[in-house]
Amino acid sequence: MVLLLDSTPRAGRHTVLTVCAAVIPVALAIETYRYRAVARTEIFSALLLAVTMWAIRRFEDGLVRPLLALPIVAVLWTNLHPGVAVSLAPLAILVCCGVTLALIRRVTGRAAPGAPRWREIGVAAAVLTAVAIASALTPARANPIVEAMRFVSAAIRIGGSAGATSSESIAFLANIQEMRGGGYALWGTPVGALIALSALSFLLRPRSIRFRELITVVAFAVLPFVAVRFAIFFAIVAAPIAARNLGEATAALPDRLGSVPARTCAAVGLALAAVASTPLGAQAPHIRFGAGVSRGVFPVRGVDYLQALRFDGALFNTLHFGGYLEWREVGPPFQDGRGAIKPEDAAAALSGPTVWPSFMMLDSRYHFDALLVSYPAGDPASGARFGVFEPDRSTWSLVAFDDAGLLYLRRDGKYAEAAARDEFRSITPASPLLALPPLDPAGELADYRRSVREAPDCFRCRYFLGELALATGTPEEAARVVAPAISRAFGPERDVLESVATRAADALRTAGAGGVLSAH
């Protein structure tokens, strides 16, 4: 809604024509946002950045009050999410571009489109300063602006450990997938399409380009190539500007070109282009709008187990599980996205038990009672890159798992009794390889049946049980166990579940035909 409001023509209100022109850039922005539409306080940064851009645009149109309200917005923002620092970039661009255009006007005597007066530049500079001060009005120890600079430094890998660390290291950010640039792959996403559309919108109206808008879009267009996490900020900034440019270009068309209604055709074409962009926003069908927990993202079963155990020991967790543990009030987590880990622990904490030698040193310092870890990456056949694919089972007992992670308890620790009682003794779900025929058919079937009971939404639990059931001659169980998961699965997961269901159906038909022949 804010994006559509900000895409209103510079001198007037929306018409059917300008709404059609705004639909495609706003649609691409929403499709970009879809990949970040999760229950995190980051959503406030997305909303308030859109409000900031709207206030800047209204200021350029002569309405000062929205811009003057930004310091108050910054106080709210900094206490909701540290992303308040991102608001300083468009404000700084507003001031710098204003000064540049004012100097050009003084030297040449010619005013560029959107060139402000010195008084307006002073107001913008005062608001920029006030927002920077207001962002520090938070009970958090870390200054959001300073932390944002370190955050970006880690993302673009400059400054090394000195530039990206403090007493609480955040150097790990450069190793997180969403903090890596999208590269050429971005051009096949809504972000790439919006970059191309924004460039086209400026080319269509070269004589009316506003210097501030061009510099803002260019500056923010760099962000997705630095870290894909920042793609949403580019989308929020660029969509209304591209919409206004397209609206002006469409309105400048003659009403008719011969017998062709040029404006109407352009409006219809833009609206159809918005519809055609839908597949770009559906590349990850498992991600949906809403505040629910996506299957396979968070270790629900492991945290349920810890909660039932009333766990209060030393817990090691994979980095991206930290926020979920905080939300469930289990732990405290060893690490989370805020990066509050000691520099000397960072390497071992990031790799976890998949690099056993370094993790043993970490464990010797903290003597963990439990490990809640994600599934390892790498080549499970050769052991390339990681080498060890699960903790040493002589020390650690697997007691719970689902599609997101695995929970191990120390055999000789505070929860030794639970470790012995609840162990999955016959299976190793940390390895994506299933040995067929099974080495311990009865034990493996029992363990995977239990895993399905405890985590009904677990894909790998149902898939491995289905394969085991087929291998042990019980196709009816295989068909029964995979059937509920097929409708919820996507891509390769759905393919392998359907394969199990097909083979189970074939086996049942063969068995039925054999029974009929035997009767005859």
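Conventions we followed
Along each chain, the written sequence defines residue order, and numbers are assigned to residues from 1. Since the coordinates come from a predicted model, pLDDT governs what is reported: local features require at least 70, and pairs of side-chain atoms require 80 or more to be given and counted, while whole-chain, interface and lining totals use all residues. By convention in this description, side-chain values take in all heavy atoms of the structure and omit both hydrogens and water. Each helix is a run of DSSP H or I of at least 4 residues and each strand a run of E of at least 2, with the numbering of both proceeding from the N terminus. Exposure is judged per residue with a 1.4 Å probe applied to protein chains only, and the accessible area is read against the type maximum: over 50% gives exposed, under 20% gives buried, and values in between give partly exposed. Every residue pair with non-hydrogen atoms within 4.5 Å of one another is taken to be in contact. What sets the accessible areas is the Shrake-Rupley method with a 1.4 Å probe; for residues, cover comes only from the shown protein chains. In this scheme Phe, Tyr and Trp rings, the latter by its six-membered ring, pair at centre separations within 6.5 Å, and the angle between planes marks the pair as stacked below 30 degrees, edge-to-face above 60, and tilted otherwise. Lysine NZ or arginine CZ positioned within 6 Å of the ring centre and within 35 degrees of the ring normal marks a charge as sitting over the ring. Any two strands between which DSSP finds at least two bridges are classified as paired. Expected helix span is taken as 1.5 Å per residue step, with the number of steps being one fewer than the number of residues. Cysteine sulfur atoms that pair up within 2.5 Å are treated as a disulfide. Within a predicted model, pLDDT stands for the predictor's per-residue confidence, ranging from 0 to 100.

Q: Lay out the overall build of the protein in plain terms, naming residues and giving numbers.
A: Of regular secondary structure, the protein possesses 23 helices and 4 strands. Within the protein, the fraction of its 520 residues that count as buried is 46%. A separation threshold of at least 6 residues defines the contact pool for the protein, and within that pool the share at least 24 residues apart is 67%. Surface summary for the protein: the accessible area is close to 24900 Å², and the carbon and sulfur share equals 64%.

Q: Provide a residue-level description of the packing of aromatic side chains, including the pertinent values.
A: Note on aromatic pairs: each is described by the distance of the centres and the angle between the planes. The tally for this structure, following the rule as stated, stands at 17 aromatic pairs. Within the aromatic cluster, the residues linked to one another by ring pairs are F401, F424, Y448, F459, Y463 and F464. The residue whose ring lies beneath R450 is F424, and the NZ or CZ to ring-centre distance is 3.7 Å. Sitting over the face of the ring of Y375, R460 holds its NZ or CZ atom 3.6 Å from the ring centroid.

Q: Describe the pairing of strand β2 (residues 370-374), naming the residues involved and giving the relevant values.
A: Extensive coverage of β2 is indicated by the burial of 4 of its 5 residues. As judged from the 5 bridges shared by β2 and strand β4 (residues 405-410), these two strands associate in the antiparallel manner. Paired with L372 across the strands is L407, a residue of β4.

Q: I'd love a proper account of helix α20 (residues 441-454), names of residues and values included.
A: Counted at 1.5 Å a residue, the expected span for α20 with its 14 residues is 20 Å, and the 20 Å between its end C-alpha atoms agrees. Inspection of α20 places G443, E444, L445, D447, Y448, R450, S451 and V452 among the buried residues, and these make up the whole buried set. Looking at the packing, one finds that the buried side of α20 touches β3 (396-401), α21 (459-471) and α22 (475-486).

Q: Summarise the state of the cysteines; cite the residues concerned and give the values.
A: Tallied over the entire structure, the rule returns 1 disulfide. Here C458 pairs with C461 through a disulfide, and the sulfurs are 2.3 Å apart. Across the S-S bond linking C458 and C461, the dihedral sits near 80 degrees, which makes this disulfide right-handed. Of the residues examined, C458 reaches a relative accessible area of 2% and is grouped as buried. As a non-bridged cysteine, C97 has C96 as the owner of its nearest cysteine sulfur, 7.0 Å distant.

Q: With reference to specific residues and values, describe the confidence of the model for the protein.
A: The predicted coordinates should not be examined in detail at positions where pLDDT is low. The predicted model of the protein has a mean per-residue pLDDT of 85, with 86% of residues at 70 or higher. Confidence over residues 158-171 falls short of pLDDT 50; this stretch has 27 contacts with residues more than four positions distant or in other chains. Throughout residues 515-520 the model reports pLDDT below 50, and contacts reaching past four residues in sequence, or to other chains, amount to 0 contacts.

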